Protein chains: 2
Amino acid sequence: MRTGERRPTLADVAAEAGVSVALVSIVMREAPGASAATRQRVLEVARRLDYQPDSRARLLRSGESRLLGVVFSVRHPFHDDLLTGLYDAADKQGYELTLSAVTPRRDERTAIAGLLQDRCAALILLGPLAPTAELATLADRLPVVVMTRAVRHRAVDVVRTDDSRGLQLAVDHLVELGHRRIAHVDGARWVASADRRQGYRDAMRRHGLEEFVRIIPGGSGEEDGARAARLLLDDPPTAVAVFNDLAATGLLDVLRRHNLDVPGDISVVGYDDSSFSALAHIDLTTVAQDIDTMATLAVSRAVERVAGAQVVHRETVIAPRMVIRGTTGPPR
Amino acid sequence: MRTGERRPTLADVAAEAGVSVALVSIVMREAPGASAATRQRVLEVARRLDYQPDSRARLLRSGESRLLGVVFSVRHPFHDDLLTGLYDAADKQGYELTLSAVTPRRDERTAIAGLLQDRCAALILLGPLAPTAELATLADRLPVVVMTRAVRHRAVDVVRTDDSRGLQLAVDHLVELGHRRIAHVDGARWVASADRRQGYRDAMRRHGLEEFVRIIPGGSGEEDGARAARLLLDDPPTAVAVFNDLAATGLLDVLRRHNLDVPGDISVVGYDDSSFSALAHIDLTTVAQDIDTMATLAVSRAVERVAGAQVVHRETVIAPRMVIRGTTGPPR
DNA sequence: ATGAAAGCGCTAACAT
DNA sequence: ATGTTAGCGCTTTCAT
């Protein structure tokens, strides 16, 4: 049962060990300036008392926070993966992470406000929806690193995937298999859509397939993909590169319901390598983003800014890679 | 560009407004004891200076933390939904949430330790793996609410779904459709597996179908479901209730590859209503847990314990419900 | 209604 | 190597 007593403080440990609080502080921080014997004794007492340093007091006093605030969205499989990488990277750099989620009923502004009150040293925002101006205002107060989207502002660092290149990889893969009539279902108004569309166009031109360029309005949801598929049915191409995995599954579903064989009649490529795309059911060929590299870079950028590096705007664009699964093959 | 200046403090606002810090504190906390005129002026200055209270200092001084620590796992779709509900509930009760994730490379103990240093008032653990003894030790230090699994210890509150009832609902649904030969693919060593298995047995007995009881060893992954499906192929039942949605998709995949029609030849029920189970592709009938109710209760429990209520161990078991989609139908 | 002063748990100068 | 002192930004008595 829980004892009603307050948790032990530095002073408690100091009293018990018969030394000053300052000395205990030194030991707990593993700072130089304590004899091995003292160190051992203090550590022993701390463990016995089950002492836990109060990070809030620590941060308050030391001024510097070594705390990185991360805003992410639930229901975004890609964000989960990014979080995993960010924890690893932060740990390596000696920083802590504090998370704030965006949910269907908790908007981005609320999520950010919470982190601001926690006095994070910097913010890492995963695919923020806020307009550039708002992000810039934020960056006025503390270092801000944006991931997975572009932001053209000198105070905001960006780490994202080369989305244009991603679609080019998809087209290259399909062309290699022998496809020529390759369509693209785009992401409508989503931030990354323009880049991916451009990548598609460039790749088609590069392969001398300009006459086969065909862009279908899509979106980011399953329904968007399904709608696009219906637009495609009259005159199906032999391959489609879709804006993302979710839209691709919607498209796949409609194609199969109309007895089109995938990849026999038509090949399909998604984007993101979402967790479900590896399910045996779906087995979707897709464009993957290099999550670990992105996470490591984002933390480095944040840490450098915190350390006061007078850097100008940096945008780091990471190369994506193909993950070839079962929805692509040679045309009949 | 970011000005190198530190963020404004209460003292800055006080100086600018020409009042004492104590008064500004009163205004910021919306506490009684300030004239309307002063209140307005201080608020105006605070907004102009873009003042943000420092939650660390606030908590440090006031002693009480109104901060709930939540440990969740990435890659667990169900947890995302739970987080959404928890934020809503905490908000309503005037509490803040601080999140700590378990990732493939960051274990539960680390996740919990982080929250302990943040001086949370209580902990809410989503499906913790720690043994009861460890959770009990933790509950010795601060209120602990465990979700989605059972813990028999008087200091630990539990909020979970009635998993036995869940499987009973699944069997009831199948019996109602006319099925008699209903098999169950279980969850091997997973915590909830025993309850679900028992629910299956009870329901079969209740319907006088004891002779058809057939339990196939399964697990929680897609592969486990696929393996179970292969065991079923020699002598397929007309319906299967599977431990969870992921295993169910694995099973579905194998069945379809062997030209069994779902639900024509065989009906399939999953568990959890995971996000992907609603995909048109999968369209899985499943047992859903009542997320909002669970979240609300978990926060209430935590808050009551924080408020010092001398409650004994409470386990709240929530009723699940069926979500009927396309993988179940009458037997041929 | 307002202000002065103490102190939450800790770290960082500066002593010794 | 160890102790003393002074705050970090805030809330909370207790004055006025």
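In this text the structure is predicted, and so the values were computed from the model without any measurement. (Residues numbered from 1 in each chain as written. Chains lettered and ligands numbered in written order. Predicted model: local features only at pLDDT ≥ 70, side-chain atom pairs only at ≥ 80, totals over all residues. Heavy atoms only, no water.)

1. Things to note about the relation of the copies chain B and chain A
Superposing chain B onto chain A takes a rotation of 180° combined with a translation of 0.0 Å along the rotation axis, leaving an RMSD of 0.2 Å. These values place the two chain copies in the arrangement generated by a two-fold rotation axis. Looking at the interface residues of chain B, 98% of them are also at the interface in chain A, so both copies use one shared face. (Least-squares fit on C-alpha atoms with pLDDT ≥ 70 in both. Contact = heavy atoms within 4.5 Å.)

2. Some words on the packing of helix 4 (residues 55–62) of chain A against helix 4 (residues 55–62) of chain B
For any two helices packed against each other, the geometry is given by the interaxial angle and the distance between the axes. Packing of helix 4 of chain A against helix 4 of chain B brings their axes to within 9 Å, and their N-to-C directions diverge by 120°. Taken as axis vectors, helix 4 of chain A and helix 4 of chain B run oblique relative to one another. Between helix 4 of chain A and helix 4 of chain B lies a crossing of left-handed hand. Of the residues in helix 4 of chain B, those in contact with Arg56, Ala57, Leu59 and Leu60 of chain A of helix 4 of chain A are Ser55, Arg56, Ala57, Leu59 and Leu60 of chain B. Its residues assigned to classes, the contact of helix 4 of chain A with helix 4 of chain B shows six nonpolar, one polar and two charged. (Axes fitted to C-alpha atoms, helices over the stretch in contact; angles between N-to-C directions. Helix = DSSP H or I, 4+ residues; strand = E, 2+ residues; numbered from the N terminus. Parallel < 35°, antiparallel > 145°, perpendicular 65-115°, else oblique. Left-handed = near helix turned anticlockwise from the far one by under 90°. Nonpolar A, V, L, I, M, F, W, Y, C, P; charged D, E, K, R; others polar.)

3. Comments concerning helix 1 (residues 10–17) of chain B
Residues and elements named next belong to chain B. Val13, Ala14 and Ala17 are the residues of helix 1 that are buried. Looking down the long axis of helix 1, one finds its buried residues gathered within 100° of arc, a one-sided arrangement. Considering only its buried residues, helix 1 is in contact with helix 2 (21–28) and helix 3 (36–49). Of the residues one or two after helix 1, Gly18 is the one with positive phi, at around 70°. (Buried < 20%, exposed > 50% of the residue type's maximum accessible area, 1.4 Å probe, protein only. Arc of directions from axis to C-beta.)

4. Thoughts on the sheet that holds strand 12 (residues 321–323) of chain A
Residues and elements named next belong to chain A. Strand order in the open sheet formed by six strands is 7-6-8-9-10-12, and the pairing between neighbours is mixed. Where the open sheet ends on each side, the last strands, each with one partner, are strand 7 (215–216) and strand 12. In the packing of helix 11 (residues 245–257) onto the sheet, contacts are made with strand 6 (182–185), strand 8 (239–242), strand 9 (267–271) and strand 10 (285–288), and the angle to strand 9 comes to roughly 155°. (Pairing = 2+ DSSP bridges.)

5. Observations concerning the protein's contact with DNA strand C
Near DNA strand C you find 22 residues, and of these Leu10, Tyr51 and Arg58 of chain A together with Ser20 and Arg61 of chain B are the closest. Here a base oxygen of DNA strand C and a side-chain polar atom of Arg61 of chain A are 3.0 Å apart. Side-chain polar atom of Arg61 of chain B to a base nitrogen of DNA strand C: 3.0 Å apart, as the coordinates give it. The set of elements that each furnish at least two residues to the surface near DNA strand C consists of helix 2 (21–28) and helix 4 of chain A together with helix 2 and helix 4 of chain B. In the surface near DNA strand C, the residues fall into 10 nonpolar, seven polar and five charged. (Near = heavy atom within 4 Å. Polar contact = N/O pair within 3.5 Å; in protein donor to acceptor, adjacent residues only side chain to side chain.)

6. Here's the deal with the UniProt feature "domain: HTH lacI-type" (unreviewed entry) in chain A
Under the UniProt annotation, "domain: HTH lacI-type" (unreviewed entry) lies at residues 8–62 of chain A. Overall, residues 8–62 of chain A shows 69% helix and 0% strand. The separation of its end C-alpha atoms is 20 Å. (UniProt positions renumbered as here; feature names shortened; annotations may be inferred.)

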